[in-house]
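Each chain, written out:
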Amino acid sequence: MDVKRPALIALTALAPVSWGSTYAVTTEFLPPDRPLFTAGLRALPAGLLLLALARVLPRGVWWGKAAVLGALNIGAFFPLLFLSAYRLPGGMAAVVGSTGPLFVAGLAAALLGDRPTLRTLLTGITAALGVSLVVLKAAGALDLLGVLAALASTASMSTGTVLTKRWGRPDGVGPLALTAWQLTAGGLLIAPVALVVEGAPPVLDGRAIGGYLYLALANTALAYWLWFRGIGRLTATQVTFLGPLSPLTAAAIGWAALGQALTPVQSAGMTLAFGATVFGQLRVRTTATASTPVVRDLTGASRPGRDPRPRRTAYGNEPGRAPAPCEN
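Just so it is clear, the structure is predicted and the values come from calculations on it, not from any experiment.

A. Local environment of the overall build of the protein chain. The secondary structure content of the protein chain amounts to 14 helices and two strands. Out of the 328 residues in the protein chain, the part that is buried amounts to 43%. The contacts of the protein chain with a sequence gap of at least 6 include a subset with a gap of at least 24, amounting to 85%. Accessible area of the protein chain: about 16700 Å², with a carbon and sulfur share of 67%.

Shown next, in the form of structure tokens:
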């Protein structure tokens, strides 16, 4: 058993746990009704900071890939998420977001060739049901625009997760640089839209400045670095099954810090969703498939192994084996 794997899962899980604090920080510290300004201020400063630390710019096709991933994971996801949260009652946005594992399972089948198993589908449904019990409250008619925004945000992040796994990273580039590229691209996409839609930035007091610093540094720069680092080492389905930790953390913060009571049904939902999250990290033994190259040793026996054929690198056309990933 790889003893490093549980630690990797735990570190990756810190990202959705941190994101679970976003609602409390936004409502308690930040100016109201500025979702685009908040999204931009989360992404762009964090991206520029990580870019200064990584000191690596995209090259070749990675200018386009970084822009696409930045738009999916940040530029579209952040505004759509805030829009759905503002327009939907009773945590419905979190419920829709908890279906992310099912989105990823379908996209992984189409883009990665990973066919979803019955175990994966049932675990994803269980996680969504558990989150529903935690956050869903009785409400009137749902806002159609809010529902569409929630679905679009979930689809955007799920697509970005799968494409990040499919494209990997350029040779010699670590997750820090990849995170910097996406946050910067997403922030640059959000900033002009925020200026046009919401006007000039609001005047910030000390509480708001502290809140934005937390969102930019811990909640975004550090959290997204851990998230994309996890995507590079775990399966896309494993990573997305950590997503329900975000609404569960939000509920726990509401109970512990904001005086919001948890009913027995909510407690049962938290147990169900957390159990599905843990179960989603368990690996299933598989045999060699068509996607697993078979290498024959000197005796003629076949065994799963690396594809002996040279492959092109992510940065250019030079064939050869890729070096070990560089951890920035």
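B. View of helix 1 (residues 4–19). Across its 16 residues, helix 1 extends 24 Å between first and last C-alpha, which sits within 8% of the 22 Å expected from 1.5 Å per residue. Along helix 1, the residues classified as buried are Arg5, Leu8, Ile9, Thr12, Ala13, Ala15, Pro16, Ser18 and Trp19. Buried-residue contacts for helix 1 involve helix 2 (22–29), helix 3 (35–54), helix 9 (144–167), helix 11 (206–233), helix 12 (236–240) and helix 13 (245–256).

C. Representation of the packing of helix 4 (residues 62–75) against helix 9. Two elements in contact, helix 4 and helix 9, have axes separated by 7 Å at closest approach and are oriented at 150°. What the angle tells us is that helix 4 and helix 9 run roughly antiparallel. Along this stretch, helix 4 crosses helix 9, giving a crossing that reads as left-handed. Between helix 4, through Trp62, Lys65, Val68, Leu69, Ala71, Leu72 and Asn73, and helix 9, the contact on the second element is made entirely by Ser156, Met157, Thr159, Gly160, Thr161, Leu163, Thr164 and Trp167. Partitioned by chemical class, the residues of the contact of helix 4 with helix 9 number eight nonpolar, six polar and one charged.

D. Spatial organisation of the pattern of salt bridges. Under the defined criterion, the tally for this structure stands at one salt bridge. Two residues, arginine 34 and glutamate 198, come together in a salt bridge whose shortest N-O distance is 3.4 Å. One end of the pair, arginine 34, is in the loop between helix 2 and helix 3; the other, glutamate 198, is in helix 10 (residues 175–198), and 164 residues separate them in sequence. One exposure class covers both arginine 34 and glutamate 198, and it is buried.

Calculation criteria
Residues numbered from 1 in each chain as written. Predicted model: local features only at pLDDT ≥ 70, side-chain atom pairs only at ≥ 80, totals over all residues. Heavy atoms only, no water. Helix = DSSP H or I, 4+ residues; strand = E, 2+ residues; numbered from the N terminus. Buried < 20%, exposed > 50% of the residue type's maximum accessible area, 1.4 Å probe, protein only. Contact = heavy atoms within 4.5 Å. Areas by Shrake-Rupley, 256 points an atom, 1.4 Å probe, with all protein chains shown as cover. Expected span 1.5 Å × (residues − 1). Axes fitted to C-alpha atoms, helices over the stretch in contact; angles between N-to-C directions. Parallel < 35°, antiparallel > 145°, perpendicular 65-115°, else oblique. Left-handed = near helix turned anticlockwise from the far one by under 90°. Nonpolar A, V, L, I, M, F, W, Y, C, P; charged D, E, K, R; others polar. Salt bridge = Lys/Arg side-chain N within 4 Å of Asp/Glu carboxyl O.

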